[in-house]
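# Secondary and tertiary structure notes
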Amino acid sequence: MLFPVNEDRAAPFARLDALNWDETTNPQISMIRTEETNSGRHETRIVRVQAPEDGQVNFLHATQALLVERYTTGRGDGKVHADAELGIITAPVHAADAARRPRTGPAPWWSRASMPAPLS
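The notes below deal with the structure included here.

So, how was this worked out
Residues numbered from 1 in each chain as written. Predicted model: local features only at pLDDT ≥ 70, side-chain atom pairs only at ≥ 80, totals over all residues. Heavy atoms only, no water. Core = buried A, V, L, I, M, F, W, Y, C linked by side-chain atoms within 4.5 Å. Buried < 20%, exposed > 50% of the residue type's maximum accessible area, 1.4 Å probe, protein only. Helix = DSSP H or I, 4+ residues; strand = E, 2+ residues; numbered from the N terminus. Contact = heavy atoms within 4.5 Å. Polar contact = N/O pair within 3.5 Å; in protein donor to acceptor, adjacent residues only side chain to side chain. Salt bridge = Lys/Arg side-chain N within 4 Å of Asp/Glu carboxyl O. Pairing = 2+ DSSP bridges.

### Here we look at the nonpolar core
By size, the foremost hydrophobic cluster in this structure holds 11 residues: Val5, Phe13, Leu16, Leu19, Trp21, Val57, Phe59, Ala65, Leu67, Leu86 and Ile88. The set of elements that each furnish at least two residues to this core consists of helix H1 (10–17), strand E4 (64–73) and strand E5 (81–89). In this view, Phe13 contacts Val5, Asn6, Glu7 and Leu86; residues no more than four positions away in its chain are not counted. With 6 residues, the next largest nonpolar core counts Leu2, Val47, Leu66 and Val68 among its residues.

### Looking at the side chain of Glu43
Relative to the assigned elements, Glu43 resides in strand E3 (residues 41–50). Glu43 gets classed as buried once you look at its relative accessible area, which sits at 9%. Only 2.7 Å separates the side chain of Glu43 from the side chain of Arg45, close enough to count as a polar contact.

### Remarks on the pattern of salt bridges
Taken as a whole, this structure holds 8 salt bridges when the rule is applied. When the shortest N-O distance is used, the salt bridge between Glu35 and Arg33 registers 3.3 Å. Overall, the relative accessible area of 48% leaves Glu35 in the partly exposed class. Between Arg70 and Glu43 there is a salt bridge, with its nearest N and O atoms 3.5 Å apart.

### Topic: unusual backbone geometry
Excluding glycine, most residues fall at negative phi; most peptide bonds, likewise, are trans. Residues other than glycine seldom take positive phi values, yet Ser39 does so here, at roughly 55 degrees. Checked against the element boundaries, Ser39 lands in the loop between strand E2 (30–38) and E3. Overall, the relative accessible area of 74% leaves Ser39 in the exposed class.

### Details of the pairing of E4
Two faces, one strand: in a regular strand the side chains alternate between the faces of the sheet. E4 sits mainly inside the fold: 8 of its 10 residues count as buried. Where E3 lies against E4, 9 bridges are found, and the strand directions are antiparallel. By the bridge assignment for E4, Thr44 is matched with Tyr71. The pairing of E4 with E5 spans 9 bridges and is antiparallel. Opposite Gln64, over in E5, you have Ile89 as the bridge partner.

Bear in mind that shape data such as this cannot, by itself, settle questions of function.
This is how it looks when you write it as structure tokens:
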């Protein structure tokens, strides 16, 4: 299960944000990048997943931490728009790798109405 962690949850967000998300310096990160162009709009998604060490994040049953970045162009204003979201995955590690995550559950930029409330 994916639990988004928003900035309004200051302490959990700070713990996740403090993790090393750079895949060039952190070999524990799994990363997948997808690109899609449709109707003049180009979107790039980058998903990074890592298993936090004991004590790094304080979430019950958390197996992995997640960073999702989305970059879009073609909205008519000529700018690149960027969104980033942090989250926690509570699924077993073998079922929640970066390659499977976008296909097995809602992504943070999809309808929040169908997503569970984040943990505090």
